[in-house]
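Structural overview
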Amino acid sequence: MKITYNWLKEFIENLESISPAEIAEKLTMSGTEVKKVNYLGENFKNLVVGRILSFEKHPDADKLSLCNVDTGRNLLNIVCGAKNFKADDIVVVALEGARIQDFVIKKSKIRGIFSEGMMCSEKELGISDESGGIMILDDSFTVGKDFAGQAGLDDWVFELEITPNRPDCLCVLGIAREISALTGLKFKEFGYNSEYYANKDKKFVIDIRDYESCPRYSAKIFKKIDNYPKTPLWMKNRLMQCDIRSVSLLVDLTNYVMLECGQPLHAFDLNKLSSKKIIIRKAEKEEKLLLIDGSEKSLDENDIVIADEKGPVALAGIMGGKGTEISDETEDMLLESANFNGVSIMRTSKKMGFRSEASNRFEKKLDPENTVNAIGRFEEMLYRISNVKSDNTFYDNYADLKRSRRIDLRLSRLNDFLGTDIKTEKVSEILDLLGFKNKTDGEIIKVDIPTFRYEDIEREVDLIEEVARIYGFDNIPVRKPRTASKQGKYTDEQKFLRAIRNTLSEMGLNEVINYSFIGRKDLLMFYLEKEKDYKDYVKIINPLNEDFEILRTSLIQSLVRNAKDNIFKKINDIAIFEISKIFKSAESDGQRKSTEKNTLGILLSGRACLKNWDIQERYYDYFDIKGIVESLAEIFFDKNDLSVNECEYGFFHPVLGGDIILKNKKIGVIGKLHPKIINNLDIRQDIYIAEIDLDTFIENISREKKFRQISSFPPVNIDLAFIVDEEIKYHDIEKEIIASAGRDLQNIRLFDLYRGKQLEDNKKSLAFALELNAIDKTLNEKDIESLIKKISEQLSKKFQARLRDQ
Amino acid sequence: MEENINALKSVLDKEYEDFESAVEKVQTLSELENIENRFIGKKSLVSEYLKNMGTLSGEFRPVAGKTINETRKKISERIFLIREEISLIEFDKKLRNEKSDLTLPGRKIKKGSKNIISQIIEEIEMFFIGLGYEIAEGPEIETDYYNFEALNHPPDHPARSLHDTFFIDENILLRTHTSPVQIRYMEKHKPPVYVIAPGKTYRKDYDVTHTPMFTQIEGLAVDKDINFGNFKWTLETFVHAIFGKDRKIRFRPHYFPFTEPSAEVDVSCNMCKGSGCRICSYSGWLEILGAGMVDPNLYKFVGYDAEEVNGFAFGVGIERIAMLKYGINDLRMFFDNDLRFLNQF
């Protein structure tokens, strides 16, 4: 919201004693944030009021005139293209150095003749859209004097952010009241109420069908309005500074009064109403209304309308109807100043996708006591401008809401809550300045809540806030809390999750974070429509767009997208991981329930090792990603708790993909991304992926770690190689060796895998390095031999494995 | 006999002299070995003499033996010393041959990185753990009740329009802030409550300053005797810990439905040191968090007695902190996951 300094001056005595910058600071530090303070004069420098003394046709251009203009100090020759002036007209002259629509005026030749300035149109000055000719000023302007000062442009504009709890601050008066409370300067209030109640009239009927929709409807009739003058320039300017375009005097006045006292007004063409009666009611289903902006709206029973006996004439609080709009031909006008139900207005405006200055105010719940002030102010301003007195009848229908409230404020509670030692007198003074009448009774201050704050001050704590913000948050002393009554810590689960993140980043991977959304496109790209596990996704009903439609059921798609994005930027060597939630939807007891799970995704692509002066280049492959998963698992689990089972997935290479198994339970998948997906993505390098259900992983981590005795006897290292059929899995052999070697086996490492000439077809040789050590003795040759025998026999029995001669 | 002895001595002296002059120029261990062979080896004069001892007369033999052995010992000791000396030189020479260009690049361990968002979360967590806080968590898919209603946003509350919410269905949504964790935590725990809750939050907005997903940390302290001064101390200390002691802080009254009084906390702009620049929109201040005293209405939802306890709560935007701390100018960078970005942290 924007308001100006000069406008505020009208309602605060002696405001000029405080600079606009100081006011901005005080408002900001009391909860009305001032985004900007802008000095208008800056844009209207070097503009002077002049009088056209004479003019003649430009000798070389039919459409241009050569004018002799008196600017007080000088007579200037000005070449002008407009036609709407005559001798003696008072005009705005832009002198050398003035800035008009982003270009700077200088003396220049136009068709061979020097022009020493420029006469401006309203549009060129940014005052209105009027560009039909130069602006002709009235006699009230003094020739030779600065234009800005005379046109009310020697002013400052405050751009304010009003929080939704303060509808009373959506106007000049509300802000003036705040400034008064902050500075102690006297606030000049309106007092139109009594004068109007005396002149209530019943000849025109206001029929409110539903007081919940409309607690109050006040109105006044203005006759013969076609005789009124145009909007004065100062008012046009003020509206323009507040981002409202000038239309006509009466429309401008409704806006002016709304900005000034916060009450939206609407003007009907009285003679276009079908009856001497206005009805405020809920719309009927599918009732139609053509609005001022030309759009036809289909209404329903949640919308409030103003109607005459034929049908709706306005959408309450939002926009008037085309049929009763005032125009140049309007003779008599009905001015509406009403109070509508904020929630209804919000719903309707949301539904219509349309917000106006009026609806924005109504939504926040306005004070019904204010309708009369607005009418009074409108009438007063109209009289000031036109000097025409309107008749003094006034129509009002008010479901008196008895908006009075008294709250007890305990001084001790206030000081305990704030950690302050504010005295009763100070509290009382602050409340007075804010317009809260109050009486002190011992340590209790009895506070009457004014009707304009009725909606947001309901409790003692609301009053404490009022006192605190005017007292100044800065003035409340900083106090160290007494020592915490709790021990700060992470839970085990939180510790493990952070340890996993640390480990992976220390392994050389970069942690990425992706949006939780993906599109259906991504699922298709990964051939996941068919995957049973990925079918039950959580969908957003109002997504940003179709790429953000579904909550991720896997991190894989996002990681692949990260790889692709980087590869497209020629960053080809990628080792990334993400720890985020994935979401699934499942039916249980006939209800859809969403679940979310912490998940770890890892992706490798490109080179594991760059060629260095003494290192060979190497590309990532499946065993790199498996190594990462294994290393991670070994930090938290026994070496043998984790394994991989081959399994086919649509998005993995047909034979290079599988499940990650932890303690006999599937906790994830691992493999090489299917080359057809790589092709579809238009990239040319392999991608390896692992994904792990982190919640289950962490759940299985043992909370207690036990020390294992270290042998004090020397270990024995032996190498054993076995020849087996190609189909036999390494993992099974390893498991068997571990089982048959028993507890003396400390370490097992596959150091060679051989297929080739020295072996029959379809055979492979696996060479193991075993580290043996007993806890209670040195293993002798006999022990070792019997152990080798045991292992060989077992492997031979299980896999027809043959011990290879060393 | 005397004569014989003297003759022997002079022969041996001559032999030793020869040895000394031979050994003088010796450079390598193999040269030394040759000399050793020549003077005390099997075929050396000394060895020959010793071999022939048996032929000498009984009276002469011990004296001659002693004399020969003395010479032999003298030579052998001398060789031992020279050998030590040459060994050291040769060892040194061998080592010197291992010379390399020490300015050649080393074999580095590949460096990974924790995401900057994770790093800042952990930094904040550590700060608050130090003050006795625990870490609370809550779901990202929330109900209307926890996201709005129990936080004092009844249906049709105007403040709801400040949250552009993603809906799963009429009552289920993606949380628009981490504040629902406050309610969930208080429902399950009696005061004193000291928790922070980091996590992802969602709003339907996408431009240079908004992403549809962003990260917040929620903080909540509810205890006996907590007051606004404690709230100020906690946040001031926090901001100083994150941004440095030299930064100024101000508490600007604001409005949030679930705190009363509410404040936005600003930190002085580091670019212009408070004098006003483009970064701080010429205000000299940067807004970093929203906070306030817990609105007593919330206690009704969780069964606390508002006369017994007070509390304060705050919400911090993690990306905002990172942007200000590191001068990152486009919020979307956090989710582009460009490795050139990730590797900087």
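Positions within a chain are numbered from 1, following the residues in the order the chain's sequence is written. As a convention, the first chain written is A and the first ligand written is 1, with the rest following in written order. Local features in a predicted model are, by the rule used here, given only for residues with pLDDT of at least 70; side-chain atom pairs are given and counted only at 80 or more, and totals for whole chains, interfaces and linings are based on all residues. Values shown for side chains rest on all heavy atoms present in the structure; no hydrogens or waters enter the calculation.

1. As for the domain arrangement of chain B
In this entry, domain limits derive from an automatic or database-based domain assignment. When cut into domains, chain B gives domain 1 (2-96) and domain 2 (117-342). Using C-alpha coordinates to define each centre, domain 1 of chain B is positioned 92 Å away from domain 2 of chain B.

2. Structural notes on the domain arrangement of chain A
Taken domain by domain, chain A consists of domain 1 (2-32 + 162-183), domain 2 (42-150), domain 3 (193-398), domain 4 (405-475), domain 5 (492-699) and domain 6 (716-803). Once you take the C-alpha centre of each, domain 1 of chain A and domain 6 of chain A turn out to be 87 Å apart.

3. Remarks on unusual backbone geometry
Glycine aside, residues mostly have negative phi angles, and peptide bonds mostly take the trans form. Of note, the bond from Pro191(B) into Pro192(B) is cis; its omega dihedral lies within 30 degrees of zero at 0°. Numbering goes from the N terminus for both helices and strands, where a helix is a DSSP run of H or I of at least four residues and a strand is a run of E of at least two. Summarising the element assignment, Pro192(B) is placed in the loop between α7 (180-188) and β4 (193-202). Going from Glu260(B) to Pro261(B), the amide bond is cis rather than trans, its omega being -5°. Checked against the element boundaries, Pro261(B) lands in strand β7 (residues 259-268). Even without a glycine there, the phi angle at Asp243(A) is positive, about 70°. Under the scheme applied here, a residue whose accessible area is under 20% of the maximum for its type counts as buried, over 50% as exposed, and between as partly exposed, the area being computed with a 1.4 Å probe on protein chains only. Given a relative accessible area of 54%, Asp243(A) falls into the exposed group.

4. Considering the pattern of salt bridges
Basic side-chain nitrogens of Lys or Arg form a salt bridge, by our definition, when they fall within 4 Å of a carboxyl oxygen of Asp or Glu. Enumeration according to the criterion identifies 87 salt bridges over all chains in this entry. With a closest N to O distance of 3.5 Å, Asp223(B) and Arg482(A) form a salt bridge. With Asp223(B) in strand β5 (residues 213-223) and Arg482(A) in the loop between α14 (460-471) and α15 (492-506), this residue pair bridges two chains. Here Lys114(B) and Glu122(B) are joined by a salt bridge, their closest N and O atoms 2.8 Å apart.

5. Description of the packing of aromatic side chains
Geometry of aromatic contacts follows a simple scheme: Phe, Tyr and Trp rings, the Trp one being its six-membered ring, pair when their centres are within 6.5 Å, and the pair is stacked under 30 degrees between planes, edge-to-face over 60, tilted otherwise. Taken as a whole and assessed by the stated rule, the structure comprises 44 aromatic pairs over all chains. Their ring planes at 45° and their centres at 6.4 Å tell us that Phe256(B) and Phe258(B) sit as a pair that is tilted. Neither residue differs from the other here; Phe256(B) and Phe258(B) are each classed as buried. A network of ring pairs unites the aromatic residues Tyr515(A), Phe517(A), Phe548(A), Phe166(B), Tyr202(B), Tyr206(B) and Phe335(B) as a single cluster. Any Lys NZ or Arg CZ found within 6 Å of a ring centre and within 35 degrees of that ring's normal is scored as a charge over the ring. Positioned above the aromatic ring of Tyr454(A), the side-chain terminus of Arg405(A) is 4.0 Å from the ring centre. One residue, Arg184(B), lies across the ring of Tyr146(B), its end atom 4.0 Å from the ring centre.

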